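Structural overview for review
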Amino acid sequence: MIYMGRIERIHGLLFKKFGVCSLPIFMVLCMVTTFHSLYAHKPYFKNLNAESGLSHNTVFAILQDSHGFMWFGTKDGLNRYDGVRFRIFKNEPGVSGSIGTNTIQSLFENSDGRIWAGTNQGIYIYHPEIEEFEFFDVLDQDGHPIWGQILHISKAQNGYIWIASSSAGLYRFHQKTGKLKHYYHQPSNMASLASGSV
């Protein structure tokens, strides 16, 4: 990278040496260094698939967490990639703390570093400090849990976590109060969602 002070110094030297002709030479020099810096760092791509350790080639969601790990939500398990190898999380019937299903459709990292995995059967939250999953069992204003395939999870600037379902509408979770609000299609209410699919 060339700093402005260095460029000005080069321009000054050219002006002393060549006088009026320094501007075209200076412009050419700037273009050459710009093109050089643009192409000096070529992007590196690596193909990751089942042959390289991914649990399934169908990937629904990708997330890079605050520690640099890459997470892949697939049709058959949740994969954490450290740049060298995969750690695969799958449902283990009868094992406490395992994820409840293998179809991972959305991923989200909360400010506490926990990974939220939206699945075809609700949400599972990964606790990295103990390497276990917890089912998100908060009930909405009508006493119902989140249901449907969870297609997207994101956090708004005001702190609410929004959860989109394939068939049950939209959910808003307030972390401080622990309250879950469900927005869904109500045929008799024109102000409700147009459909259950978000």
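A brief report on the enclosed structure follows.

Examining the overall build of the protein chain
A tally of helices and strands in the protein chain yields two helices and twelve strands. Put simply, the protein chain runs from its N terminus to its C terminus through helices and strands in the order α-α-β-β-β-β-β-β-β-β-β-β-β-β. Of all 198 residues assigned to the protein chain, the portion counted as buried reaches 33%. Accessible surface, the protein chain: about 12,700 Å² in total, of which carbon and sulfur atoms supply 58%.

Points about the environment of Asn102
If you trace the backbone, Asn102 turns up in the loop between strand E4 (86-89) and strand E5 (104-109). Note: C-alpha distance between Asn102 and Gly77 (25 residues apart in sequence) is 4.4 Å. In contact with Asn102, not counting residues within four places along its chain, are Thr74, Lys75, Asp76, Gly77, Lys90 and Asn91. Within the local environment of Asn102, its side chain forms a polar contact with the backbone nitrogen of Asn91, the two atoms lying 2.6 Å apart.

Quick word on the pattern of salt bridges
Across all of its chains, the model carries six salt bridges by this definition. Between Asp112 and Arg114 there is a salt bridge; the shortest N-O distance is 3.8 Å. You can call Asp112 partly exposed: its relative accessible area is 45%. On the basis of relative accessible area, Arg114 is assigned to the partly exposed category, the value being 27%.

Structural notes on the environment of Glu129
Take Glu129: it is sitting in the loop between strand E7 (122-127) and strand E8 (132-135). When its relative accessible area of 54% is taken as the criterion, Glu129 is described as exposed. When the C-alpha positions of Glu129 and Gly113 are compared, they lie 9.4 Å apart, and in sequence the two are 16 residues distant. A distance of 3.4 Å separates a polar atom in the side chain of Glu129 from a polar atom in the side chain of Arg114.

A few points about the nonpolar core
Across soluble globular proteins, nonpolar side chains have a tendency to be buried as a group. Of all hydrophobic cores here, the largest spans 15 residues; its most connected members are Trp116, Ile123, Phe136, Ile146, Ile153 and Ile163. Elements that contribute at least two residues to this core include exactly E7, strand E9 (150-155), strand E10 (161-165) and strand E11 (170-174). Each residue touching Ile163, except ones within four places of it in the same chain, is listed here: Trp116, Ile123, Ile146, Ile150, His152, Ile153, Gly169, Leu170 and Tyr171. Ala61, Leu78, Ala117 and Tyr126 belong to the second largest nonpolar core, which has 13 residues in total.

Some words on the sheet that holds strand E6 (residues 115-119)
One open sheet accounts for four strands, arranged E5-E6-E7-E8; its pairing is antiparallel. Only two strands of the sheet have a single partner each, and these edge strands are E5 and E8. Averaged over all pairs of adjacent strands, the angle between their axes in this sheet comes to 25°, without regard to strand direction. Sheet analysis places E6 next to E7, joined by five bridges and oriented antiparallel. Residue pairing for E7: Trp116 is matched across the bridge by Ile125.

Criteria and thresholds
- Residues numbered from 1 in each chain as written.
- Predicted model: local features only at pLDDT ≥ 70, side-chain atom pairs only at ≥ 80, totals over all residues.
- Heavy atoms only, no water.
- Helix = DSSP H or I, 4+ residues; strand = E, 2+ residues; numbered from the N terminus.
- Buried < 20%, exposed > 50% of the residue type's maximum accessible area, 1.4 Å probe, protein only.
- Areas by Shrake-Rupley, 256 points an atom, 1.4 Å probe, with all protein chains shown as cover.
- Contact = heavy atoms within 4.5 Å.
- Polar contact = N/O pair within 3.5 Å; in protein donor to acceptor, adjacent residues only side chain to side chain.
- Salt bridge = Lys/Arg side-chain N within 4 Å of Asp/Glu carboxyl O.
- Core = buried A, V, L, I, M, F, W, Y, C linked by side-chain atoms within 4.5 Å.
- Pairing = 2+ DSSP bridges.
- Axes fitted to C-alpha atoms, helices over the stretch in contact; angles between N-to-C directions.

Keep in mind that these numbers describe shape and distance, not what the molecule does.
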